[in-house]
Amino acid sequence: MITATDLTLRIADRVLISQASFQVNKGMRIGLVGRNGAGKTTLMRLLSGTGIPDAVQVEGQVSRSAPPGYLPQDPGEVDPEQLVRDHILSVRGLDVIQQRIRRAEEKMSSETGQAQQKAMERYVRLDQEFHMSGGYAATAEAAQIAANLGVTTAMLGQPLGTLSGGQRRRVELARVLFSGADTLLLDEPTNHLDHDSIMWLRGYLQSYPGGFLVISHNVKLLDETVNQVMFLDAMRGAIDVYHLGWKGYLKARAEDEARRKRERAVAEKKAAALQAQGEKMRAKATKAVAAQQMLRRAEALLEETQDSGPNEKVARLDFPKPLPCGKVPLQAQSLSKSYGSLEVFTDLSVAIDRGSKVVVLGFNGAGKTTLLRLLAGLETPDTGQVIAGHGLKLGYYAQEHETLDPTLSVVENLQAAAPELDNTGLRSLLGQFLFSGADADKPTHVLSGGEKTRLALATLVVSGANVLLLDEPTNNLDPASREEILKSLASYQGATILVTHDPGAVQALDPDRVLLLPDGEEDLWNEAEYLDLVEAD
């Protein structure tokens, strides 16, 4: 169980949450919702006990009956040499004994005589210890969870350092679900999951015996799994708790917003009348005290009714007008890439014509992100070459936001992308992406996934790119911001290479070609044939 009491969160002079109290208890399946940047990820990090950035000021208390299972948006630092299987098992401490068993097996096969006998005795003892602790059943359970999330048996034997961002995310989710924690904290758990894995996750959460708090922009997941909703209202710095399912919450919240507007309108009308009367009476010395009381009463009326605030803003995004370039601004010839013994793809060639639209499809681990990184010049192919055509100007959006420097502030990251803009121009552009005032000076490492997405997209807007490499650009975005990106994607005149699990993003792009990995086969885009593969990959 997790209990928050009189919780207040601030970043600089901005109050994210004011004096909120709530619980996450057994049987509570809670959806945490609110616009991007409202503070959902910051709140979840605080509840998890893994620490929050220094820039966040906290008042109040958070208590936990046991460590929760926490899935952050961005996978943390890990030992790149650790095997996937060991990483998942380590959440229950089973990896250590498995490593000792493997060392005993190696000595049994390499030693002779008395040393071999000792190794055999050690193996028998360790094997019994592993069996008694439920290790074999747990290993099978971990493998089953992993398989349902698209982590294959072969992948379990790979070092973590060989995985793509999407694969790492699946592994971390499998680890959290395998943890056996009484309480789960899941921040965008469907990111990088294919359709079948999302379906399985829905069923898992529906029958989960403990409690969980989930942040997700996947409406179906929320609709089918949660029995409560916590709405973090960024305008009021308040958390409204609705003890209802998703559809009930939507109806109740709409009614609450309408009620607040009515109450505010009535209060403003009464306050205006009191203020007008008070101002008239103020001039007369005999009625000065009464006038002052009326003015104070007008102020109290406005304070007593909650201002619903202005309509929530949406980031305004216009991809850049592409700079002039040659007929074929980017091409790759005979690319091959491997990570150790893991071969990603071989002899892959592709030519990107001026203004062409290409969607890249393939199962997780087929090399989609690797291809974009090779084209962006962030990795070097084992064989082959990437050829920049005349006038090439690349814009790269990385799914893990690697293009952002976490040590810089928001405005400093944009300045690095657009050194020609002065401070006023930088802040004006950031305002379009909902970074106004002090938010523009926030350290990048404290941003939520949605805020990082907006900042990364802002750096693309100033790039003047004529070829965009987009890797899951709609992840972590609220529906309104996602729609804005899709409109911009549809109107962009330059060339685009898109990697996504979002069918809506593909439809907005309206691609003319599809590139299938890992084989590197190209085909003309056919929605009837290929759209279903977008979520399935």
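Now for a quick tour of the structure. (Residues numbered from 1 in each chain as written. Predicted model: local features only at pLDDT ≥ 70, side-chain atom pairs only at ≥ 80, totals over all residues. Heavy atoms only, no water.)

## A word on the packing of helix H13 (residues 410-417) against helix H15 (residues 449-461)
When two helices pack together, you describe them by how their axes are tilted relative to each other and by the distance separating the axes. Spelled out, the test is: Axis geometry follows a simple rule: fit a line to the C-alpha atoms, using only the stretch in contact for helices, then measure angles between N-to-C directions, giving values from 0 to 180 degrees. Helix and strand definitions here come from DSSP, where helices need a minimum of 4 consecutive H or I residues and strands a minimum of 2 consecutive E residues; each element is numbered from the N-terminal end. When describing relative orientation, an angle under 35 degrees is termed roughly parallel and one over 145 degrees roughly antiparallel, while 65 to 115 degrees is termed roughly perpendicular and anything else oblique. By definition, turning the near helix anticlockwise from the far helix through less than a right angle yields a left-handed crossing, and turning it clockwise yields a right-handed one. Throughout, a residue-residue contact means that at least one pair of heavy atoms, one from each residue, lies within 4.5 Å.
At their nearest, the axes of H13 and H15 sit 9 Å apart, and the two run at 25° to each other. Of the possible angle classes, the one that applies to H13 and H15 is roughly parallel. In this structure, the crossing between H13 and H15 has a hand that is right-handed. Touching Val410, Asn413, Leu414 and Ala417 of H13 are Leu455, Ala458 and Thr459, all from H15.

## Topic: the sheet that holds strand E3 (residues 29-33)
Whether parallel or antiparallel, the strands of a sheet pair through hydrogen bonds between backbone atoms. Quick note on the threshold: At least two DSSP bridges between two strands are needed for those strands to be called paired.
Read from one edge of the open sheet, six strands run E5-E6-E7-E3-E8-E9, paired in mixed fashion. The open sheet has two edge strands, strand E5 (69-71) and strand E9 (238-242), and neither has a second partner. Within this sheet the neighbouring strands show an average axis-to-axis angle of 15°, counted without direction. Here E3 pairs with strand E8 (residues 228-233) via four bridges, running parallel. Directly across from Gly31, in E8, lies its bridge partner Val229.

## Some thoughts on the sheet that holds strand E17 (residues 513-516)
With mixed pairing, six strands are arranged side by side in an open sheet as E14-E15-E16-E12-E17-E18. The open sheet terminates on both sides in strands that have one partner only, identified here as strand E14 (394-397) and strand E18 (521-524). If you compare each strand with its neighbour and ignore which way they point, the axes differ by 15° on average. By the bridge criterion, four bridges tie E17 to E18 in an arrangement that is antiparallel. Its bridge partner being in E18, Leu515 is matched across the sheet by Glu522. Across the sheet, H15 lies against E14 and strand E15 (467-471), angled at about 175° from E14, the strand it touches most.

## Observations concerning helix H10 (residues 246-282)
To keep it simple, the criterion reads: In this analysis, the expected span of each helix is defined as 1.5 Å times one less than the number of residues it contains. Buried means the residue's accessible area, taken with a 1.4 Å probe over protein chains only, is under 20% of the maximum for its type, while exposed means over 50%, and partly exposed covers the values in between.
Over its 37 residues, H10 extends 52 Å from the first C-alpha to the last, a length consistent with the 54 Å expected when each residue adds 1.5 Å. Among the residues making up H10, those that are buried are Trp246, Tyr249, Ala252, Glu257, Arg260, Arg264, Ala267, Ala271, Gly278 and Met281.

## Description of the pairing of E8
A regular strand places its side chains so that they alternate between the two faces of the sheet. With six of its six residues buried, E8 lies for the most part within the structure. With burial as the criterion, each face of E8 is covered, one bearing Gln228, Met230 and Leu232 and the other bearing Val229, Phe231 and Asp233. Of the pairings in the sheet, the one linking E8 to E9 comprises five bridges and is antiparallel in character. Within E9, the position partnered with Val229 by the bridge is Tyr242. In sequence, E8 turns back onto E9 through a hairpin of four residues, with Gly237 there showing a positive phi of about 65°.

## A few points about the side chain of Thr183
On the secondary structure map, Thr183 appears in strand E6 (residues 183-187). Given the relative accessible area of 4%, Thr183 is considered buried. Once residues within four sequence positions are removed from consideration, Thr183 is found in contact with Met1, Ile2, Val24, Pro68, Gly69, Tyr208 and Gly211.

## Observations regarding the packing of helix H7 (residues 165-178) against helix H8 (residues 195-206)
For clarity, the cut-off: Amino acids are sorted into nonpolar (Ala, Val, Leu, Ile, Met, Phe, Trp, Tyr, Cys and Pro), charged (Asp, Glu, Lys and Arg) and polar (every other residue, Gly among them).
Running from N to C, H7 and H8 cross one another at 20°; their axes reach a closest spacing of 13 Å. By the angle class used here, H7 and H8 are roughly parallel. For the pair H7 and H8, the sense of crossing is left-handed. Residues Arg170, Leu173 and Leu177 of H7 lie in contact with H8, whose contacting residues are Ser197, Trp200, Leu201 and Tyr204. Partitioned by chemical class, the residues of the contact of H7 with H8 number five nonpolar, one polar and one charged.

## Here's the deal with the packing of aromatic side chains
Applicable threshold: Under the pairing criterion, centres of Phe, Tyr and Trp rings, with the six-membered ring standing for Trp, must be within 6.5 Å; the plane angle then separates stacked pairs below 30 degrees from edge-to-face pairs above 60, leaving the rest tilted.
Throughout the structure, instances matching the rule amount to five aromatic pairs. An angle of 35° between the planes, with centres 5.2 Å apart, marks the rings of Trp200 and Tyr204 as tilted. Note that Trp200 and Tyr204 are positioned in helix H8 at a spacing of four residues, about one turn of the helix. For Trp200, a relative accessible area of 22% corresponds to the partly exposed category. The buried category is assigned to Tyr204, whose relative accessible area is 19%. A centroid spacing of 6.0 Å and a plane angle of 25° characterise the contact between Trp525 and Tyr530, whose relative ring orientation is stacked. The class of Trp525 is buried, set by a relative accessible area of 15%. Relative accessible area serves as the criterion here: at 6%, Tyr530 is assigned to the buried category.

## Concerning a positive patch on the surface
The condition that has to hold: A residue counts toward a patch only above 30% relative accessible area and without a salt bridge, and it is joined to like-charged neighbours within 9 Å or, for Val, Leu, Ile, Met, Phe, Trp and Tyr, to nonpolar neighbours within 5 Å. Where accessible areas are quoted, they stem from the Shrake-Rupley method and a 1.4 Å probe; at the residue level, only the protein chains shown are allowed to cover. By salt bridge we mean one thing: a side-chain nitrogen of Lys or Arg within 4 Å of a carboxyl oxygen of Asp or Glu. When charges are counted, Lys and Arg contribute as positive and Asp and Glu as negative, whereas His and the chain ends are disregarded. A single reference atom marks each charge: NZ on Lys, CZ on Arg, CG on Asp, CD on Glu.
Where like charges cluster on the molecular surface, the positive patch consists of Arg103, Lys107, Arg122 and Arg125. For the positive patch, the secondary structure elements donating two or more residues are helix H3 (94-110) and helix H4 (113-132). Positionally, Arg103 belongs in helix H3. Since its relative accessible area comes to 46%, Arg103 is described here as partly exposed.

## Some remarks on unusual backbone geometry
Cis geometry marks the peptide bond from Leu517 to Pro518; its omega dihedral reads 10°. Turning to its location among the elements, Pro518 is positioned in the loop between E17 and E18. At His192, a residue that is not glycine, the phi angle is positive and equals roughly 75°. Relative to the elements of secondary structure, His192 occurs in the loop between E6 and H8.

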